[in-house]
Amino acid sequence: MPRTSHPILGFEITLDRTSNITLDKQIAEAVRRAVQTGALMPGDLVTPIRQLAQYLNVARATVDAAYAELIAEGLLFSVRGRGTFVSSSHVCRKTSAAAPPAASAVQKPIADSTAVCVSALGYLMPQKNIPLAIVSTSADVSPRDFQAYFQRAAKKHLLDQVYDHPCGLPALREAIARIASRLRNVQCRPEQVVVTSGSQLGLMMAMMTLLNPGDRVCIENPAYPLLRAAGFLRGIDPVYAPVDAEGLDIEAAKELCPNPRAIFLTPSNQCPLGVVMSMKRRRAILDWAQVSGAWVVEDDYDSELRYEGNLPFPALYGMDHGANVIYVGTFSKMLFPGLRLGYLIVPEHLVESFAGMRLILDRQSHSIAQHAVAEYIQDGFYEAHVRKMRQIFDTRYHEIRELVERDWGDWGCFISGAQGMHVTFRFHNQAIDDKAVFEACLEQGVETRYLSSFYAPGSSQAMRGLVLGFGFFNREQMLSAVSRIGFVLRHRFAEFGPA
Ligand SMILES: Cc1ncc(COP(=O)(O)O)c(C=O)c1O
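**A few points about empty space enclosed by the protein**
- The full count for this structure, using the stated rule, is 3 cavities of 30 Å³ or more.
- In this structure, the largest cavity encloses a volume near 70 Å³.
- Surrounding the largest cavity, Leu-203, Ile-219, Glu-220, Ala-223, Tyr-224, Leu-227, Phe-264, Leu-265, Thr-266, Val-297 and Asp-299 form its lining.
- Elements represented by at least two residues in the lining of the largest cavity include exactly strand 6 (216-221), strand 9 (262-265) and strand 10 (295-299).

**As for the sheet that holds strand 13 (residues 412-414)**
- Read across the open sheet, the 4 strands follow the order 13-14-16-15; overall the sheet is antiparallel. In the strand order of this sheet, the two ends are held by strand 13 and strand 15 (449-450), each with one partner.
- The sheet contact formed by strand 14 (residues 422-427) and strand 16 (residues 465-469) spans 5 bridges and is antiparallel. Bridge pairing in strand 16 places His-422 opposite Gly-469.

**Here's the deal with the site of the ligand**
- Around the ligand, the structure places Gly-198, Ser-199, Gln-200, Tyr-224, Cys-271, Asp-299, Tyr-301, Thr-330, Ser-332, Lys-333 and Arg-340.
- Side-chain polar atom of Lys-333 to an oxygen atom of the ligand: 3.2 Å apart, as the coordinates give it.
- Between the ligand and Arg-340 there is a distance of 2.9 Å, counted from an oxygen atom to a side-chain nitrogen or oxygen.
- Here the ligand has 400 Å² of accessible area as a free molecule, and 87% of this is covered by the chains.
- With 3 residues, the top contributor of residues to the shell around the ligand is helix 8 (residues 198-210).
- Among the residues forming the shell around the ligand, the class breakdown is 3 nonpolar, 5 polar and 3 charged.

**Structural notes on unusual backbone geometry**
- In this structure, Pro-222 follows Asn-221 across a cis peptide bond, with omega equal to 15 degrees.
- Relative to the helices and strands, Pro-222 resides in the loop between strand 6 and helix 9 (225-234).
- For the bond running from Cys-271 to Pro-272, omega is 10 degrees, close enough to zero to count as cis.
- By the element assignment, Pro-272 lies in the loop between strand 9 and helix 11 (279-292).
- We note that Asn-57 has phi near 60 degrees; this positive angle belongs to a residue other than glycine.
- With respect to the helices and strands, the residue Asn-57 is situated in the loop between helix 2 (49-56) and helix 3 (60-73).
- What makes Asn-57 exposed here is its relative accessible area of 62%.
- Residue Arg-363 is not a glycine yet carries a positive backbone phi of 60 degrees.
- Looking at the element boundaries, Arg-363 is found in the loop between helix 13 (351-362) and helix 14 (367-378).

**Quick look at the domain arrangement of the protein chain**
- Domain parsing of the protein chain yields domain 1 (3-86), domain 2 (124-137 + 384-496) and domain 3 (147-379).
- Centre-to-centre separation of domain 1 and domain 2, based on C-alpha positions: 38 Å.

**Thoughts on the environment of Leu-339**
- Relative to the helices and strands, Leu-339 resides in the loop between strand 11 (325-330) and strand 12 (342-345).
- Along the backbone, Leu-339 and Ser-365 are 26 residues apart, and their C-alpha atoms lie at a distance of 9.9 Å.

What counts, and at which threshold
- Residues numbered from 1 in each chain as written.
- Predicted model: local features only at pLDDT ≥ 70, side-chain atom pairs only at ≥ 80, totals over all residues.
- Heavy atoms only, no water.
- 1 Å grid on protein atoms, 1.4 Å probe; cavity = no way out; pocket = protein on both sides within 12 Å on 5 of 7 lines; lining within 4 Å.
- Points joined across faces, edges and corners; volume = space filled by probe spheres on them.
- Helix = DSSP H or I, 4+ residues; strand = E, 2+ residues; numbered from the N terminus.
- Pairing = 2+ DSSP bridges.
- Near = heavy atom within 4 Å.
- Polar contact = N/O pair within 3.5 Å; in protein donor to acceptor, adjacent residues only side chain to side chain.
- Areas by Shrake-Rupley, 256 points an atom, 1.4 Å probe, with all protein chains shown as cover.
- Nonpolar A, V, L, I, M, F, W, Y, C, P; charged D, E, K, R; others polar.
- Buried < 20%, exposed > 50% of the residue type's maximum accessible area, 1.4 Å probe, protein only.
- Domains from an automatic or database assignment.

In structure tokens form, the structure reads like this:
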């Protein structure tokens, strides 16, 4: 009986040619087992039919029949011209396979999605609060005047914190509607604002309110990994579409997914590439949403920050008057990530659905934090703080680029534009293992994110590079971190460096 471990498939297939179980059934069963044990993860590309047939020395029709059976079951799905992938609705059980429970423990079943949650702890854990983390705090950038607002709110409201409206305090909803209009050209009534615990809850609420499990959803590739994880939890069928210098490649996206139920985007600062979606593409996305009936979920996480005198492009929500767009905003970047305050702006007719979802998922946000932020905005300090951040970050954006250019700029190039809190550097030599670079930098006390980790598993177009945060660190800190990265590159990865 040949026992073969396919190099791409990454798990063993044992074909028994003497068995009365047909070969296609045996192959299907092997793939099924691989998904159950986590050897294949949602979104993974499975080995192409021709390649697997050749490797196992069976007819192509045999592998074709096996895959067809799994597609009919919903375990796999195929994308014309791209290949066959593991569906997200069949989440693996990697943890139970990888870490068998103690002999004495009684094994009780838990949700399939737990595997995704546990693996999220590995690759989605927050960055250490050291250079060059993307979001951090620092005395010269953090809003020190906010402290007085928080203390005042605590003094006034500490003993009258009750269950409030799930969508948030009226004063905060009003204040958010005001800054959304002034900073992002989003015109809405305060009643359309739903206060959340940061964008993450907003994104999850959009998944839960707009989508059913199994719905086809267009997601940028690369994308914010916590968005992909939220999609796994909801059980959507993600279709990952490429991004180019103008943002989501809409023609490619339409071909891959002609009728998505929703499109999730970061148009003002593509996460992580740092590309700003052009006006032409913005109009095309809204036209596509109109014609296809898709929702657009716009994650506008740090769009207040644009440099070199550039004004932020208007939010998609503002261009569409909110007919097809759900706007996701956050105070994590402009104030503090630990505050856990963000917001959704939703079309009028969806307010009740989102309000109910907010109530069920987490009742409401922290009352004192809501009072404090509402007053901080009302008194005009929030906008002053944004202006100050814009100025400081503008300088630091140019500083980090200059420091990298001088030290190891010949290893690659920047692909991100002049906005946000991170720069994205792509290595010229794409054979480099950017995860290994990231790990080596961390050993030297430098935080980064590696570019390939933002791509859907199995993406053939995944780029290798580093994502560096710059806003919260002064020139000396950035200089030290950049030179330590240079040291790591030259000493540990010399063979991938410039000739
Ligand atoms: C694309 C994107 N959206 C949203 C956020 C903010 O998340 P939250 O508001 O949940 O803190 C981040 C933070 O890094 C992000 O990169």
